[in-house]
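Coordinates in review
The chain contents come next:
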Amino acid sequence: MQDKLAAAINISPTAMSLAVIPSLYLHLTALEENDMTATYTFDVFSSLDGYGAASANWTGYWGKQGPELLDHRLALYDTEQRMVFGANTYREFSRMLASSTEESEVRDPWVTRMWNMPATVVSTTLEEPLNWPNATVVSGDAVDVVAWLKEESEVPLRSHGSLSLNRALMAAGLVDRVQVTLFPVITGQTGLNAIFQGGADFDLELVENRTLDGHIQELIYRPTLH
């Protein structure tokens, strides 16, 4: 695991071999003492009632996307960063991309740009090679893996989706920003993937917000365990 993790974050495997990945307590202590850790953003789309997707006749973006949203999403990926995914989200992205056409929403320019970014997929079941241009599988506890990524990565970290992964990372104090794109829909009958269900309680400090296309809200919070 150490060599694979070292490759994922571009550090020497020899240096990584000097110490076994420490406990969660030591991870958090190191992170508290080091202000230079990479920023980790949990980026998620949500309905007003907190679902990440819906069934029935809802389409992508719940049908509410507009040019401002798509341009803003593309601009988010202008800067160098590393994506972090759980196995289920990777499989879903890979399945959608494989079955899509160039005209489909899953091929929107921001998705294509995200797909071409370096990525770490945390999984105990997936094996390389992956259907992702620059992705590395790291097998291990997600908290351990992301703690090391935050300490060693020279670029910011971003995760889109990966709900169970990010709930665990939030509980461990490893998520610096929660970026919620809030779409103007309620999906009480058809909502899927309740974003924060089963997660911990948090106080949220609003650090940035914007309105896109007149009806979509982007809210960026700094979470603190309550």
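Structure report, in brief. For clarity, every value in this text was computed on a predicted model and none was experimentally measured.

**So, the overall build of the chain**
Of regular secondary structure, the chain possesses eight helices and 10 strands. Per-residue burial over the chain gives 45% buried out of 226 residues. Considering only residue pairs separated by 6 or more positions, the chain has 73% of its internal contacts joining residues 24 or more positions apart. When the accessible surface of the chain is totalled, it reaches about 11400 Å², and 51% of it is carbon and sulfur.

**Details of the pairing of strand S6 (residues 157–160)**
Here S6 shows a buried face lined by Leu157 and Ser159 and a second buried face lined by Arg158 and His160. Where strand S1 (residues 40–46) meets S6, four bridges bridge the pair, whose relative direction is parallel. Looking across to S6, one finds that Thr41 is bridged to Arg158. Note that strand S3 (residues 82–86) and S6 share two bridges and pair parallel. Along S6, the bridge assignment pairs Met83 with Arg158.

**Looking at the nonpolar core**
In this structure, Met114, Leu130 and Trp132 are the most contacted members of the largest nonpolar core, which totals 28 residues. Looking at this core, the elements with two or more residues in it are helix H4 (67–76), S3, helix H5 (87–99), helix H6 (109–115), strand S4 (119–122) and strand S5 (135–138). Take this core: its biggest share by element is four residues, from H5. With residues up to four places along the chain from it excluded, the contact list for Met114 reads Tyr77, Met83, Phe85, Phe93, Trp132 and His160. By size, the runner-up hydrophobic cluster in this structure holds 24 residues, among which are Tyr40, Val146, Ala172 and Val175.

**Examining helix H7 (residues 142–152)**
An α-helical turn contains 3.6 residues, so any two residues separated by three or four positions project in the same direction. Most of H7 sits inside the fold, with nine of its 11 residues counted as buried. Residues of H7 that are buried: Ala142, Val143, Asp144, Val145, Val146, Ala147, Trp148, Leu149 and Lys150.

**Quick notes on the pattern of salt bridges**
In the structure shown here, the tally under the stated rule is eight salt bridges. With a closest N to O distance of 2.6 Å, Asp43 and Arg73 form a salt bridge. Highlighted residues: Asp43 in strand S1 and Arg73 in helix H4, separated in sequence by 30 residues. On the accessibility criterion, Arg73 (0% relative accessible area) is buried.

Conventions we followed
Residues numbered from 1 in each chain as written. Predicted model: local features only at pLDDT ≥ 70, side-chain atom pairs only at ≥ 80, totals over all residues. Heavy atoms only, no water. Helix = DSSP H or I, 4+ residues; strand = E, 2+ residues; numbered from the N terminus. Buried < 20%, exposed > 50% of the residue type's maximum accessible area, 1.4 Å probe, protein only. Contact = heavy atoms within 4.5 Å. Areas by Shrake-Rupley, 256 points an atom, 1.4 Å probe, with all protein chains shown as cover. Pairing = 2+ DSSP bridges. Core = buried A, V, L, I, M, F, W, Y, C linked by side-chain atoms within 4.5 Å. Salt bridge = Lys/Arg side-chain N within 4 Å of Asp/Glu carboxyl O.

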